[in-house]
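# Structural description and commentary
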Amino acid sequence: MKNHYPGLLPKAHLWTDVALLNLSFFFAYIFRFESGLSTLFANQYVNLLLVANLVWVFTIYVFKTYRFTRLSYHFNTQLAAFLKAVTVHGAVMMAFLYLSKQGEEYSRYQFLMTYVMFISLSSASRAGAVLFLKVYRQAGYNYNRYGIVGKGDLATLIREFYAERKELGYRFSGAIDPSSEKNAIESLEAMVKEKQLDYLYCCLSEMNDEQVKEVIRMGERQRTHIRLVPDFRGFMTNMATIEYHDMYPIIEINTKPFSSLNEQTVKRAFDLIFSTIVMILGAPVFFLVWAAIKITSPGPVFFKQQRSGRWGELFYIYKFRSMRVDADKMGLQHSKGDNDPRITPIGRILRKSRLDELPQFINVLKGEMSVVGPRPLYKYDVDMLMEAAPHDFQRLLTVKPGITSIGQINVGYADTVAKNVERLKYDLQYLKSYSVFDDVQLIFRTVQVMVLGRGQ
């Protein structure tokens, strides 16, 4: 039997929240005035309750709080949508009280208590609903039957997806290979009738246009939902997006990370704000390091070197000097660690704590670097990686280099081809998805390395 209760869960949440809003208001009134509900309807509070209900209905309509599907029904997403609506509802209610000059006539304690109880009860109801549905569906109830047109790798991935997520409530009921069966559409329709399928997944890579049209017509006859599944494997990791040009969907492959205006703005704003804070609050540290280098080692405090930046453009990177002034007489070569005779005593401490990298925040403010990104490389390393992994390395060059990176944290300084390639693989993971939260996590991990003195 097919699902006869579509949209029941959103409606249940909607009316539950309306009931909980009113209950929270009533209980908050009782706790505040201890006079029972008998006086509620004899004063202005009943008007406030009416306005609160009207504003709530308007808010959830505008923000589509209860528009979700079986696949998108998760506690975190539901709670986020609910809290967004509550925040706007509270702001509108306060604006109403202010503009109507009635704020002094109502209890702030009752107002605040209403929202505390409403958020608590509604969050608990959502958690209970999600848990109940998960257990209920895993027990074999409230499930949708689905079939697949196709028997290749894509069909296997669809089956594995639902097999691993039984709480979604999808049960596999059969598959048809459109290329091997002469009367595939007729066999498919017979299977849909017999199994009473709710959904039919069509693997587009195994079907021609005429077969797709026939399946859609069959779905209309049998009242079965048709889901077309294109085979995007291999390039969806490049964060593909779909745009509609009139009625035609256009798939755009993002070959340049952080190329969208939104990503560029967010990342640049984060870099500027974070770097400014570090430069201001870290001024005493800057001065102490400057003094330590000046006292313990003759020569300049800062060291600059030409490195490869975004799109391979060269720029000068700034660091606190950690080697002797005459280090270049021993030839351009990678550091040999603690046993490198070119490193000064204070330089060893700076490298272990990563404090030698602090001046690079100047590069960030100048726009040459980012706080988080693949490390800028010297020409020797660029040539090495262009020979070992040219495609992957050129992908790294599409973003600004950073002061810290996931590759720097996990691998450290790379002085061999193997280490450079290993660090490259870690840094490529960073390009697959970007968020400020990920940057903050990497910064915290870097701080741990600095505090523990594990810099390599």
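Residues numbered from 1 in each chain as written. Predicted model: local features only at pLDDT ≥ 70, side-chain atom pairs only at ≥ 80, totals over all residues. Heavy atoms only, no water.

### Overview of the overall build of the protein chain
Rules: A helix here means a DSSP run of H or I that spans at least four residues, while a strand means a run of E at least two residues long, and both kinds are numbered starting from the N terminus. Categorising residues by exposure relies on relative accessible area from a 1.4 Å probe, with only protein chains included: less than 20% of the type maximum marks a residue as buried, more than 50% marks it as exposed, and the intermediate range marks it as partly exposed. Any two residues having at least one pair of non-hydrogen atoms within 4.5 Å are treated as being in contact.
Within the protein chain, the secondary structure is distributed over 16 helices and ten strands. The buried share of the protein chain, taken over its 456 residues, is 40%. Partitioning the contacts of the protein chain with sequence separation of at least 6, the portion at a separation of at least 24 is 71%.

### A short note on the sheet that holds strand β4 (residues 225-229)
Rule in force here: Strands qualify as paired when DSSP identifies two bridges or more between them. For every element, the axis is a line fit to its C-alpha atoms; helices are fit only across the contacting stretch, and the angle between N-to-C directions ranges from 0 to 180 degrees.
With parallel pairing, the four strands of this open sheet are ordered in space as β2-β1-β3-β4. Two strands bound the open sheet, and with one partner strand each, they are β2 (170-176) and β4. The sheet shows a mean angle of 25° between the axes of neighbouring strands, direction not considered. Here strand β3 (residues 199-203) pairs with β4 via five bridges, running parallel. Note that in β4 the partner of Y199 across the bridge is H225. Along the sheet face, helix α5 (residues 153-164) touches β1 (144-149), β2, β3 and β4 and points at about 165° away from the line of β1.

### Comments concerning the environment of E422
For E422, the position within the fold is in helix α15 (residues 417-432). Taking the relative accessible area as the measure of exposure, E422 reaches 38% and is therefore partly exposed.

### Regarding unusual backbone geometry
In this model, N142 sits at a positive phi of 50°, which is unusual for a non-glycine residue. By the element assignment, N142 lies in the loop between α4 (108-138) and β1. Phi is positive for R223, close to 55°, though the residue is something other than glycine.

### Let's talk about the UniProt feature "transmembrane region" (unreviewed entry) in the protein chain
Defined as follows: UniProt positions are given in the numbering used here, feature names are shortened, and annotations may be inferred rather than shown by experiment.
Taking the numbering used here, the UniProt-annotated feature "transmembrane region" (unreviewed entry) corresponds to residues 12-33, 45-63, 75-99, 111-133 and 272-293. Summarising residues 111-133: 100% helix, 0% strand, and an end-to-end C-alpha distance of 33 Å.

### Quick word on the environment of Q222
Locating Q222 in the fold gives a position in helix α7 (residues 209-222). The sequence separation of Q222 and E189 amounts to 33 residues, and the corresponding C-alpha distance is 8.0 Å.

### Description of the packing of helix α1 (residues 8-33) against α4
Cut-off, in case you're wondering: By convention, the crossing between two helices is left-handed when the near helix turns anticlockwise from the far helix through less than a right angle, and right-handed when the turn is clockwise. As a working rule, the residues Ala, Val, Leu, Ile, Met, Phe, Trp, Tyr, Cys and Pro are called nonpolar, Asp, Glu, Lys and Arg charged, and the rest polar, with Gly in that last group.
The geometry of α1 relative to α4 is characterised by a closest axis approach of 8 Å and an angle of 145° between their N-to-C directions. Read as a crossing pair, α1 and α4 show a hand that is right-handed. The residue makeup of the contact of α1 with α4, split by class, is 15 nonpolar, seven polar and three charged.

### Focus: the packing of α1 against helix α2 (residues 45-63)
Inclusion rule: Any angle that is under 35 degrees is reported as roughly parallel, and any over 145 degrees as roughly antiparallel; angles of 65 to 115 degrees are reported as roughly perpendicular and all others as oblique.
Look at α1 against α2: their axes get within 11 Å of each other, and the N-to-C directions meet at 150°. Classed by the angle they form, the pair α1 and α2 counts as roughly antiparallel. By crossing handedness, the relation of α1 to α2 is classed as right-handed. Facing L14, D17, V18, L21, N22, F25, F26, Y29 and F33 of α1, the residues of α2 in contact are Y45, L48, L49, A52, N53, W56 and I60. Split by residue class, the contact of α1 with α2 holds 13 nonpolar, two polar and one charged.

### With respect to the side chain of S123
Its place among the elements puts S123 in helix α4. With a relative accessible area of 16%, S123 lands in the buried category. Here S123 is in contact with F75 and L79, once residues within four sequence places are set aside.

### Topic: the packing of aromatic side chains
For clarity, the cut-off: A pair of Phe, Tyr and Trp rings is counted when the ring centres sit within 6.5 Å of each other, with Trp represented by its six-membered ring. The angle between the planes then sorts it: under 30 degrees is stacked, over 60 is edge-to-face, the rest tilted. Geometrically, a charge over a ring is one whose NZ (Lys) or CZ (Arg) sits within 6 Å of the ring centre while staying within 35 degrees of the ring normal.
Evaluation of the coordinates by the stated rule reveals 25 aromatic pairs. Ring geometry for F33 against Y45: centres 5.3 Å apart, planes inclined by 75°, an arrangement best described as edge-to-face. Note that F33 is positioned in helix α1 and Y45 in helix α2, a separation of twelve residues in sequence. Overall, the relative accessible area of 30% leaves F33 in the partly exposed class. Within the aromatic cluster, the residues linked to one another by ring pairs are Y146, F161, Y162, Y170, F172, Y199 and Y201. Positioned over the ring face of F33 is R32, at 4.9 Å from the centre of the ring.

### A closer look at α4
To be explicit about the condition: How far a helix is expected to stretch is found by multiplying one less than its residue total by 1.5 Å. Distance and chemistry together define a polar contact, namely a pair of N or O atoms within 3.5 Å, with one atom able to donate a hydrogen and the other to accept it when in protein, and with adjacent residues in sequence counting only for side-chain atoms on both sides.
Across its 31 residues, α4 extends 45 Å between first and last C-alpha, which sits within 8% of the 45 Å expected from 1.5 Å per residue. Sitting at the head of α4, S107 places a side-chain oxygen 3.3 Å from the backbone nitrogen of Y109. Downstream of α4 by a residue or two, G140 has a phi angle that is positive, lying close to 105°.

### Section: the side chain of S308
Locating S308 in the fold gives a position in strand β7 (residues 302-308). Beyond its immediate sequence surroundings of up to four residues, S308 is in contact with E313, L314, F315, P376, L377, V382, L397 and P401.

### Thoughts on the nonpolar core
Going by this rule: Buried residues of nine kinds, namely Ala, Val, Leu, Ile, Met, Phe, Trp, Tyr and Cys, make up a nonpolar core once their side-chain atoms join them within 4.5 Å.
Counting 34 residues, the largest nonpolar core has I293 and F320 as the members making the most contacts within it. It is α15 that provides the largest number of residues to this core, a total of four residues. Other than its neighbours up to four places away in sequence, I293 contacts P300, V301, F320, R321, I346 and L350.

### Section: the pattern of salt bridges
Once their charged atoms are close, side chains differing in charge can pair, the charge on each being opposite to the other. Condition: A side-chain nitrogen of Lys or Arg and a carboxyl oxygen of Asp or Glu constitute a salt bridge if their distance falls within 4 Å.
Applying the stated criterion to the full structure yields ten salt bridges. The partner of K267 in a salt bridge is D439, and the shortest N-O contact between them spans 3.1 Å. Of the two residues, K267 is situated in helix α8 (residues 261-281) and D439 in helix α16 (residues 436-452); the sequence distance between them amounts to 172 residues. Residue classification places K267 among the buried residues on the basis of a relative accessible area of 7%. E357 is the partner of K319 in a salt bridge, and the nearest nitrogen-oxygen pair spans 4.0 Å. Remark: E357 occurs in the loop between α10 (345-353) and α11 (360-366) and K319 occurs in strand β8 (residues 314-320); sequence separation between them is 38 residues. Each member of the pair, K319 as well as E357, carries the same accessibility label: buried. One network of salt bridges, with partners in common, ties together K319, D356, E357 and R375.

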